[in-house]
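Spelled out from the first residue to the last, the chains are:
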Amino acid sequence: MIETERLILRPWRDDDRAPFIAMSADPAVMDTLGGVLSPEQALAYIDSAGKRLAIFGFTRWALERREDGAFIGAVGLAPIHPSLALPAGFEMGWRLVRDAWGQGYASEAAAAAIEHGFQHGLTEVFAFTSRPNLRSQAVMGRVGLVRTPTLDFDHRGLAEDHPLRPHLVWMKRR
């Protein structure tokens, strides 16, 4: 578990499942993340997060707002998928419910999760997003990730003419 001034990044609980399924079905939230998830896909995401926590000591955490205990998203580190044209390592990622957007929660949580990863032995962290996702690019800059154009890639899981296929890469070293 990681705590910041306004947030708690914590292991997933059973009561996170319904709000995560709802968030993952929101087209606005999932617009630049490859599209909405089915309930089964959302639950598999949660299950994978639990397994990564047990293996690495960090994961994509459930994100809770301290002031009211509300589930507001998922933030943290995950292994870079081997199908991507990137070095082996860990990627920083986040997704938040719409009513949590624009309040600095993603930046606050991402900075804490990156530092936690460094405390657990990581020496570098990557983040990547599609070219149109300017909000995530802004978060990456705010948390000290550095744009690394030599690592940009086309996401193989998307059609060649898909507007989200070109991905921009950012990196932070300890």
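Thresholds, definitions, all that
Residues numbered from 1 in each chain as written. Predicted model: local features only at pLDDT ≥ 70, side-chain atom pairs only at ≥ 80, totals over all residues. Heavy atoms only, no water. Helix = DSSP H or I, 4+ residues; strand = E, 2+ residues; numbered from the N terminus. Rg over C-alpha atoms; globule rule 2.2 N^0.38 Å. pLDDT = per-residue confidence, 0-100. Core = buried A, V, L, I, M, F, W, Y, C linked by side-chain atoms within 4.5 Å. Buried < 20%, exposed > 50% of the residue type's maximum accessible area, 1.4 Å probe, protein only. Contact = heavy atoms within 4.5 Å. Pairing = 2+ DSSP bridges. Expected span 1.5 Å × (residues − 1). Arc of directions from axis to C-beta. Phe/Tyr/Trp six-rings, centres within 6.5 Å; stacked < 30°, edge-to-face > 60°.

J.: How should I be thinking about the overall build of the protein in this particular structure?
T.: Along the backbone of the protein there are five helices and nine strands. Mapped in sequence order, the helices and strands of the protein form the string β-β-α-α-α-β-β-β-α-β-α-β-β-β. Relative to the compact-globule value of 16 Å for 174 residues, the protein shows a C-alpha radius of gyration of 15 Å, a close match. Based on the C-alpha atoms only, the size of the protein along its principal axes is roughly 40 × 35 × 30 Å.

J.: In this structure, what is going on with the confidence of the model for the protein? I would like to understand it.
T.: Do not read the predicted coordinates in detail wherever pLDDT is low. Looking at the protein, pLDDT values average 93 and 100% of them are 70 or higher. Highest mean pLDDT in the protein belongs to strand β2 (residues 7-10) (98); lowest belongs to helix α2 (residues 27-30) (90).

J.: Looking at this model, I keep getting lost on the nonpolar core. Mind explaining?
T.: Burial of nonpolar side chains together is a common tendency in soluble globular proteins. If you look at the biggest cluster of nonpolar residues, it comprises 45 residues, and the most contacted ones within it are Leu9, Trp12, Phe20, Met92 and Trp94. Tallying contributions element by element places helix α4 (residues 105-119) first for this core, with eight residues. In this view, leucine 9 contacts Met1, Ile2, Thr4, Trp61, Ala62, Leu63, Val75, Ala109 and Ala113; residues no more than four positions away in its chain are not counted.

J.: Looking at this structure, I do not really get the environment of arginine 131. What am I missing?
T.: Note on placement: arginine 131 falls in the loop between β6 (124-130) and α5 (134-142). Between the alpha carbons of arginine 131 and valine 169 there is a distance of 9.8 Å; along the sequence they are 38 residues apart. If near-sequence neighbours (up to four positions away) are discounted, arginine 131 is found in contact with Gln137, Pro166 and Leu168.

J.: What is the right way to read the pairing of β6 from this model?
T.: A regular strand carries its side chains on alternate faces of the sheet. Burial analysis of β6 places six of its seven residues in the buried class, which makes it a mostly covered element. When β6 meets strand β9 (residues 166-173), the two strands line up antiparallel, connected through seven bridges. Each bridged residue has a counterpart across the sheet, and for threonine 129 the counterpart in β9 is leucine 168.

J.: Mind showing me how you'd approach helix α3 (residues 39-56) here?
T.: Structural remark: α-helix, 3.6 residues per turn; residues separated by three or four positions point the same way. Taking 1.5 Å per residue, 18 residues should reach 26 Å; α3 reaches 26 Å between its end C-alpha atoms and fits that length. For α3, the full list of buried residues reads Ala42, Tyr45, Ile46, Ala49 and Arg52. One face of α3 carries all of its buried residues, which in axial projection span an arc of 125 degrees. Away from the buried face of α3 by more than 90 degrees, exposed residues Glu40, Lys51, Ala54 and Ile55 are located.

J.: What is the right way to look at the packing of aromatic side chains in this model?
T.: Remark: the centre distance and the inter-plane angle together describe each pair of aromatic rings, the angle taken between the planes. Counted according to the given criterion, the structure contains nine aromatic pairs. Here tryptophan 12 and phenylalanine 71 contribute two aromatic rings whose centre-to-centre distance is 5.7 Å and whose plane-to-plane angle is 50 degrees, an arrangement assigned as tilted. Here phenylalanine 71 lies in strand β4 (residues 71-79) and tryptophan 12 lies in the loop between β2 and α1 (17-24), a separation of 59 residues in the sequence. Their ring planes at 75 degrees and their centres at 5.4 Å tell us that phenylalanine 128 and phenylalanine 153 sit as a pair that is edge-to-face. Of this pair, phenylalanine 128 sits in strand β6 while phenylalanine 153 sits in strand β8 (residues 153-154); the two residues are 25 residues apart in sequence, bridging distant segments of the chain. Residue phenylalanine 128 shares its accessibility class with phenylalanine 153, and that shared class is buried.

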